[in-house]
Amino acid sequence: MKELIENLFWIIVIVFGSMYLLFVEIRNYKRKRSLKTKTKYIEEDIVSMEIMNKIFCKGTIMLIGGDRVPSKLPSTYVVELQYEGNNYEINDKEIFESYEIGQFIKLKLVKSLDQNRNIIEYELFKLK
C-alpha cells in the first residue's frame, strides 16, 4: 500500500511538472512573438567590453523519484561586462577561465531595438 501511494505521488509530481513546463514554454513563445513585433531595428557591432565581475555556480545533482533518476544541473560561468555604461552578461566557460576582472574583451554585440532605439533584447557572441 505504501509503495502504491509513493508511486502515485511521483506520477502526480511528474504530471504537474510537465504541465508547468508546457505552460512556461507557451508563455516564452508568446513573449518572443511580442518581442518580434516590437523590434524595429537590429544593430550589430564588434565592441570592446570591460569585465566587471565573474560568478561561478557549481552544478548540483538532483534526485527525482528517490535515487532512480539522478540528474545533474550544469555549472554556470557568468561573466558580467560593461560597455558604454550598460551592463551585459554572458555565460561562457572559456571567457570565464581566460580573462580576469578589469580586462577588456572583444565581442560581437547584436541589439534588438524598438522604434525609440531602446534595447529590447541583446545577444553576445565570441569572435572566431
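Remember, it's a predicted structure, so these values are computed and weren't measured experimentally. (Residues numbered from 1 in each chain as written. Predicted model: local features only at pLDDT ≥ 70, side-chain atom pairs only at ≥ 80, totals over all residues. Heavy atoms only, no water.)

(A) Structural detail: the overall build of the protein. The number of helices and strands found in the protein is two helices and seven strands. In sequence order, the secondary structure elements of the protein are arranged as α-β-β-β-β-β-α-β-β. Rg of the C-alpha trace for the protein: 21 Å, well past the compact-globule value of 14 Å for 128 residues, more than 25% over. In terms of principal-axis extent, the alpha carbons of the protein reach across some 65 × 40 × 25 Å. Looking at the 128 residues of the protein, the share that counts as buried comes to 20%. Restricting the contact set of the protein to residue pairs at least 6 apart, pairs at least 24 apart contribute 56%. Accessible surface, the protein: about 10200 Å² in total, of which carbon and sulfur atoms supply 57%. (Helix = DSSP H or I, 4+ residues; strand = E, 2+ residues; numbered from the N terminus. Rg over C-alpha atoms; globule rule 2.2 N^0.38 Å. Buried < 20%, exposed > 50% of the residue type's maximum accessible area, 1.4 Å probe, protein only. Contact = heavy atoms within 4.5 Å. Areas by Shrake-Rupley, 256 points an atom, 1.4 Å probe, with all protein chains shown as cover.)

(B) How the structure looks around the sheet that holds strand β6 (residues 104-113). Across the sheet, five strands lie side by side as β5-β4-β1-β6-β7; this open sheet has antiparallel pairing. The open sheet has two free edges, formed respectively by β5 (86-91) and β7 (119-126), since each of these has just one partner strand. Strand-to-strand twist across the sheet, computed as the mean angle between neighbouring axes with direction ignored, equals 40 degrees. By the bridge criterion, seven bridges tie strand β1 (residues 41-57) to strand β4 (residues 76-83) in an arrangement that is antiparallel. Bridged to glutamate 50 within β4 is glutamine 82. (Pairing = 2+ DSSP bridges. Axes fitted to C-alpha atoms, helices over the stretch in contact; angles between N-to-C directions.)

(C) Expanded view of the nonpolar core. Judged by nonpolar contacts, the single largest core of 15 residues is most densely connected at Met49, Val79, Leu81, Tyr88, Leu107, Leu109 and Leu124. Sorting the residues of this core by element identifies β1, β4, β5, α2 (93-98) and β6 as the ones contributing at least two each. When residues in this core are grouped by element, the largest group, four residues, is from β4. Residues in contact with leucine 81, not counting those within four places in the same chain, are Met49, Glu50, Ile51, Met52, Asn86, Asn87, Tyr88, Ile90, Ile105, Leu107 and Leu124. (Core = buried A, V, L, I, M, F, W, Y, C linked by side-chain atoms within 4.5 Å.)

(D) Up close: the pairing of β4. Bridging between β4 and β5 involves six bridges; their strand directions are antiparallel. Paired with valine 78 across the strands is asparagine 91, a residue of β5. Between β4 and β5, which pair antiparallel one after the other, the connecting turn spans two residues, and glutamate 84 there sits at a positive phi close to 50 degrees.

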